[in-house]
Amino acid sequence: MFKKASFLLLIVGLGLMSCSKDPISDLSNEESLVYITNHDQSANFTQYKTFSIVDSVLIVENTRAGTSLDDIDRAMLQRLITNMEAMGYKHVGRKENPDVGINVSWITNTYLNVYQPLSSYYGGYWGGYGYGYPSYYSYYETSESSWVISMLDFKNPQTTPSGKTFNAIWEAQIRGAAIGDQKLVDKMADSIFGQSGYLKIK
């Protein structure tokens, strides 16, 4: 299991300074949460009556993957079940031929960035072509995590030479500095269903 960290910014080299107020950095952790939902426009959700859900959360970190079932994972899975039932779906076991399946992932992408900071100092080059710029760079690593919840269409599988595949008919992403805060799990799960009213079947 990999350590869950939502936004980690490590700057090596010169710090960045600003005299003006930054409205983004002034957001609270809860206010930083961003909800993105999308669905298959051709899907008729009223045809689906039952659902199952994974028994653990898939953890993907760059090229590594594993599963997790800690307290926040259990809380998220349970709240997703509550919301699906509130939408009119019946929760059944994975072996009971559910119409749709709910997949839950925690995905982390880490990037190494390089930049050359601006400076009022000009030096290091005094040749015939004029002044030179500072020949040094700074490096910083950005790591961004997100919850990804997908609904798969088990009722209408696609048959391929390699077997059956299932279309994702709904997906939600939750991003922000507070996605690892267990106290906000209910708010996060409720919010993605709140902006997905088309999922309601009764």
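Everything here concerns the structure above.
Residues numbered from 1 in each chain as written. Predicted model: local features only at pLDDT ≥ 70, side-chain atom pairs only at ≥ 80, totals over all residues. Heavy atoms only, no water.

### Regarding the nonpolar core
Within the largest apolar cluster, 39 residues are counted, with the highest numbers of intra-cluster contacts made by Leu 80, Val 104, Trp 147, Ile 174 and Met 188. Only strand E3 (50–53), strand E4 (57–61), helix H1 (71–86), strand E7 (100–115), strand E8 (138–153), strand E11 (168–175) and helix H2 (185–194) provide two or more residues apiece to this core. Of all the elements, H1 adds the most residues to this core, at 6 residues. (Core = buried A, V, L, I, M, F, W, Y, C linked by side-chain atoms within 4.5 Å. Buried < 20%, exposed > 50% of the residue type's maximum accessible area, 1.4 Å probe, protein only. Helix = DSSP H or I, 4+ residues; strand = E, 2+ residues; numbered from the N terminus.)

### Observations regarding the environment of Glu 30
In this structure, Glu 30 sits in the loop between strand E1 (7–12) and strand E2 (34–39). Each C-alpha atom of the pair Glu 30 and Met 188 lies 9.5 Å from the other, and the pair is 158 residues apart in sequence. For Glu 30, the residues in contact, after removing those within four places along its chain, are Ala 178, Leu 184 and Lys 187. (Contact = heavy atoms within 4.5 Å.)

### Things to note about the packing of aromatic side chains
Counted according to the given criterion, the structure contains 5 aromatic pairs. Ring centres 6.2 Å apart and planes at 65° place the aromatic pair Phe 45 and Tyr 48 in the edge-to-face group. Given the relative accessible area of 5%, Phe 45 is considered buried. For Tyr 48, a relative accessible area of 1% puts it in the buried group. A ring pair is formed by Phe 45 and Tyr 198, whose centres lie 5.9 Å apart and whose planes are at 35°; its orientation type is tilted. Note that Phe 45 is positioned in the loop between E2 and E3 and Tyr 198 in the segment after H2, a separation of 153 residues in sequence. Each residue in the set Phe 45, Tyr 48 and Tyr 198 is aromatic and connected to the rest through ring pairs, giving one cluster. (Phe/Tyr/Trp six-rings, centres within 6.5 Å; stacked < 30°, edge-to-face > 60°.)

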